[in-house]
Amino acid sequence: MSATQLDAILDLNTLEQYISAIGAGTLLKSVVLFEQLMPEYVGGLVQASDANDKDTLCSEAHKFKGAAGSVGLKRIQQFAQLLQHGEESKWEVEHQAWLAQIVEHAEADLQQLKLFLEAKA
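Residues numbered from 1 in each chain as written. Predicted model: local features only at pLDDT ≥ 70, side-chain atom pairs only at ≥ 80, totals over all residues. Heavy atoms only, no water.

A few words on the overall build of the chain. Per the secondary structure count, the chain includes six helices and zero strands. Its helices and strands in sequence order give the chain the pattern α-α-α-α-α-α, from N to C terminus. The C-alpha radius of gyration computed for the chain amounts to 15 Å, which stays within 12% of the reference 14 Å derived for 121 residues, consistent with globular compactness. With the C-alpha coordinates of the chain rotated into their principal frame, the extents come out at 45 × 25 × 20 Å. Going through the 121 residues of the chain one by one, you find that 41% of them count as buried. For the chain, restricting intrachain contacts to residue pairs at least 6 apart in sequence, the fraction spanning at least 24 positions comes to 67%. By element, 52% of the accessible surface of the chain is carried by carbon and sulfur atoms, the whole surface being about 6,500 Å². (Helix = DSSP H or I, 4+ residues; strand = E, 2+ residues; numbered from the N terminus. Rg over C-alpha atoms; globule rule 2.2 N^0.38 Å. Buried < 20%, exposed > 50% of the residue type's maximum accessible area, 1.4 Å probe, protein only. Contact = heavy atoms within 4.5 Å. Areas by Shrake-Rupley, 256 points an atom, 1.4 Å probe, with all protein chains shown as cover.)

Here it is as structure tokens:
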């Protein structure tokens with residue numbers, strides 16, 4: 001995968017800073033914890049969406065955005081950022097597409113993150 005493609009998925013600048021500060025191995029431990037929690041995060045988003053519970057969906061998206069951002073998962077963090085703002089005019093039309101992007105890319109993006117960190121460890 002090219003650096004440009006990787007940069008669309010991962011926050012490479014932040015990851016490099018984390019690696020310099022705490023090391024790739026330590027960061028990888030955080031990523032493994034995130035990996036264990038991700039099904040619960042994504043499941044909460046899908047469940048709230050299926051229930052048409054906008055407030056819960058926005059709240060869960062906010063939590064997921066922070067968690068994804070904390071481990072450098074840029075693409076899914078950006079979709080969660082959009083999803084958390086239920087007051088935005090385009091939210092009603094776009095929120096299902098944003099959620100679909102999270103569901104579609106979360107696992108593969110996480111695997112790319114792990115490969116990136118393992119190569120740096």
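Moving on, there is more to tell.
L10, F34, F64, L73, L83 and L113 are the most contacted members of the largest nonpolar core, which has 36 residues in total. Looking at this core, the elements that each hand over two or more residues are α1 (3-9), α2 (12-22), α3 (24-50), α4 (54-70), α5 (74-84) and α6 (91-120). (Core = buried A, V, L, I, M, F, W, Y, C linked by side-chain atoms within 4.5 Å.)

Here, UniProt's "domain: HPt" (unreviewed entry) annotation points to residues 23-120. Secondary structure over residues 23-120 splits into 87% helix and 0% strand, and the C-alpha atoms at its two ends are 9 Å apart. (UniProt positions renumbered as here; feature names shortened; annotations may be inferred.)

Before going further, it helps to examine the packing of aromatic side chains. Given two aromatic rings, their pairing is described by the distance between the two centres and the angle made by the two planes. Per the stated rule, a full pass over the model turns up three aromatic pairs. Geometrically, the ring pair formed by Y41 and F64 is tilted, given 5.7 Å between the ring centres and 55° between the ring planes. Of the two residues, Y41 is situated in helix α3 and F64 in helix α4; the sequence distance between them amounts to 23 residues. Through successive ring pairs, a cluster of aromatic residues spans F34, Y41 and F64. (Phe/Tyr/Trp six-rings, centres within 6.5 Å; stacked < 30°, edge-to-face > 60°.)

Mapped onto the present numbering, the UniProt feature "modified residue: Phosphohistidine" (unreviewed entry) falls at H62. Along the chain, the position of H62 falls in helix α4. Using a relative accessible area of 46% as the deciding quantity, one classes H62 as partly exposed.

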